[in-house]
Amino acid sequence: MLVVEGIKKHFAGIAALDGASIEVRAGESVGLVGPNGSGKSTALNCCSGFERPDAGRVLLLGKDVTGKEPWDVAKLGLVRTFQHANLPTKMSVMDLMLAGGHLVRGETIRHSLVSWKRVREEEADAVDKAWSILERIKLDKLAGHPGGKLSGGQQKLLSLGMALMGDPKILMLDEPTAGVNPSLRVELAEHLRKLQTEGVTLLTVEHDMRFISDVCDRVYVLDRGAIIASCAPAELSDHPEVLEAYLGRSGSRAVVESADRRTLS
Amino acid sequence: MVEYLLGVGILAAVYAINALSLNLQVGVTGLLNFGQVAFVGIGAYSVAILDSHDVPWIVGFLVGAVLAGAAGALVGRLGRTLASDYWAIATLALAELVRLVALNQDGFTGGAQGLSAVSGIWTGMSTTAREAATFATIVVVLGIAYLVARRVRNGQYGRVLVLIRENPDLAASLRHNVVSAKVRVMALSAVMASVCGGFYAMYISFIGPGQLLPFATFLIFTMVVVGGLGNTTGAVVGAVLITVLYDGTRFVRDWIDVSADQAAGIRILVIGVVLLGFLLVRTEGLVPEKVKAAHARR
């Protein structure tokens, strides 16, 4: 489904990604974890077209999408969400859901002026779909509410709903639980599991390890821009380098050691 | 008196077309176009130049629309590489470019003197009847422009444009081509602005570089801000109110003893104060942008 081969990305001389490789197979739910600054978000951005990697390749469904525009990547079926939902206050929940859909006719000026009837039909279908997704994520009662005025957790859910409007083949979620209350977190995990059974492939960037073990079949651990481990969530504690990446940061000895290790490698 | 009112009405309708165009860019899409007058100028000069060669006015409008549309698309394309604030400066530069070309291409544009005696519409009629017919014609065109703007705003395209204004990354992640959406809205708006320019030149039967100064753009900005950024009806309301205010202040010399230059300055000052006042006190304008109610279930 998604193959990332040795991508590198530097920002002002600092390597955010240093040859990371990831593979997500169709129908899998994969987690991407790592300490702050390890390059998780950059990896997500490189896959979804928001950053152009300096080196390496990104293959989506066998097609090379390295450096493609975000909308072109999305059209191939990869839809991502953002760590901060930042939904607009000037658009209703329903409007946002519809904006998440791909209404081919309504999106052109010509069609929206000329073929009223077909545009209306297209929109009516999208409205039906939006209602059913809103019911599923339990936001249907808030359909007329401004999206930006929902709680952080509801905005996250709505972002997921918007992404689902376009029937994505693979969903990439950037910290879906950040700012989400615990009960909604459980609900979110259920939604993701359900989506997986429906055939949606998932790649989740997350800090919350419990959420990761609830949702993911497999995790990649990213540290300083490189993948240091790939295993089932339960096996993470068996990897000493993972513990070091997370815990060793605070001890200066570990930092020196890891710096040495880097010089040597 | 009737003729004066008709005159103000014609100006208000012409400006309203322009305000609808600017609202699509600034209000709906969040594109700060400080060079709106460039598109107006392209339309006005196309009509005026072709008219001076005895070409029917409708051809002038078509040529103006094509040229302005192309210019709009080009300016929209610049948004790909420029951040929004730098893009805004670039639009200001474009407007100055158009003005300087108009000022210096004497043989073509009449240079600093501009082009006068542009023939209007309904030339066969007597004065008052002609004003009324012109007013009616422009109101019909405004009606069409209003419907187009409303239809675009309320459809999927408008939804995408608002999302681009509020969160362009989110729009891009949902497979909306942000660059193409901006290019198309700029082209459409530029065509509308060129129509405004054509009628403007025909109505006052003159166009010169003096009318392409940045103030002409800021006058329209004031209309859109007063009416309510992002609201199609608001743009028309703002255009009517500000036209009445701007035209009404022509009589400032009847009330206070100032020179002609000072009076012109006062008129601009009034517009500036209104713009600032609204930006500070009532940012959402008189007819604020609405959050649309959810569509009913089938």
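Note: the structure precedes this text.
A short tour of the structure in this document, coming up. Remember, predicted model here, so these are calculated numbers, not experimental data.

A few words on the interface of chain A and chain B. Chain A puts 50 residues into the contact, and the matching count from chain B is 34 residues. At the boundary of chain A and chain B, one finds four salt bridges. Among the salt bridges present, the one from B:Arg159 reaches A:Glu123, with a minimum N-O distance of 3.2 Å. Joining chain A to chain B, the criterion identifies 15 residue pairs in polar contact (both at pLDDT 80 or more). The set of elements that each furnish at least two residues to the side of chain A that touches chain B consists of α2 (70–75), β6 (78–80), α3 (93–100), α4 (109–114), α5 (116–136) and α6 (152–165) of chain A. The element contributing the most residues to the side of chain A that touches chain B is α5(A), with nine residues.

Another point: the pattern of salt bridges. One pass over the full model with this rule turns up 22 salt bridges over all chains. A:Lys90 is the salt-bridge partner of B:Glu289, the closest N and O atoms lying 3.9 Å from each other. Linking B:Glu289 in the segment after α13 (260–281) with A:Lys90 in the loop between β6 and α3, this pair reaches from one chain into another. Each of the salt bridges in this network shares a partner with another, and the network as a whole consists of A:Lys90, B:Arg153, B:Arg165, B:Glu166 and B:Glu289.

Time to look at the sheet that holds strand β10 (residues 226–231) of chain A. Pairing between the strands of a sheet comes from backbone hydrogen bonds, and it takes one of two forms, parallel or antiparallel. Residue and element names in this part refer to chain A. Ordered in space as β6-β7-β8-β3-β9-β10, the six strands form an open sheet in which the pairing is mixed. With one partner strand each, in any of the chains shown, β6 and β10 form the two edges of the open sheet. Ignoring strand direction, the axes of neighbouring strands in this sheet form an average angle of 20 degrees. As paired elements, strand β3 (residues 29–33) and strand β8 (residues 201–205) share four bridges and run parallel to each other. When the bridges of β8 are listed, leucine 32 appears paired with valine 205.

Quick look at helix α2 (residues 36–52) of chain B now. Residues and elements named next belong to chain B. The terminal C-alpha atoms of α2 lie 25 Å apart, and with 17 residues this matches the ideal 24 Å at 1.5 Å per residue to within 8%. Summarising burial for α2: 15 of the 17 residues are buried, a large majority. Taken from the residues just after α2, aspartate 54 is the one with a positive phi, measuring 60 degrees.

This paragraph deals with the nonpolar core. Among the nonpolar cores identified, the biggest contains 136 residues, and A:Leu134, A:Leu158 and A:Leu171 are the most heavily contacted of them. Top contributing element to this core by residue count: helix α9 (residues 178–204) of chain B, with 15 residues. No fewer than three residues from each of domain 1 (2–84 + 168–264) and domain 2 (88–149) of chain A sit in this core. Membership of the second largest hydrophobic core comes to 24 residues, among which are A:Val24, A:Val58, A:Val65 and A:Val205.

Rules of the game
- Residues numbered from 1 in each chain as written.
- Chains lettered and ligands numbered in written order.
- Predicted model: local features only at pLDDT ≥ 70, side-chain atom pairs only at ≥ 80, totals over all residues.
- Heavy atoms only, no water.
- Contact = heavy atoms within 4.5 Å.
- Salt bridge = Lys/Arg side-chain N within 4 Å of Asp/Glu carboxyl O.
- Polar contact = N/O pair within 3.5 Å; in protein donor to acceptor, adjacent residues only side chain to side chain.
- Helix = DSSP H or I, 4+ residues; strand = E, 2+ residues; numbered from the N terminus.
- Pairing = 2+ DSSP bridges.
- Axes fitted to C-alpha atoms, helices over the stretch in contact; angles between N-to-C directions.
- Expected span 1.5 Å × (residues − 1).
- Buried < 20%, exposed > 50% of the residue type's maximum accessible area, 1.4 Å probe, protein only.
- Core = buried A, V, L, I, M, F, W, Y, C linked by side-chain atoms within 4.5 Å.
- Domains from an automatic or database assignment.

So far we have only geometry, and geometry alone does not tell us how the molecule works.
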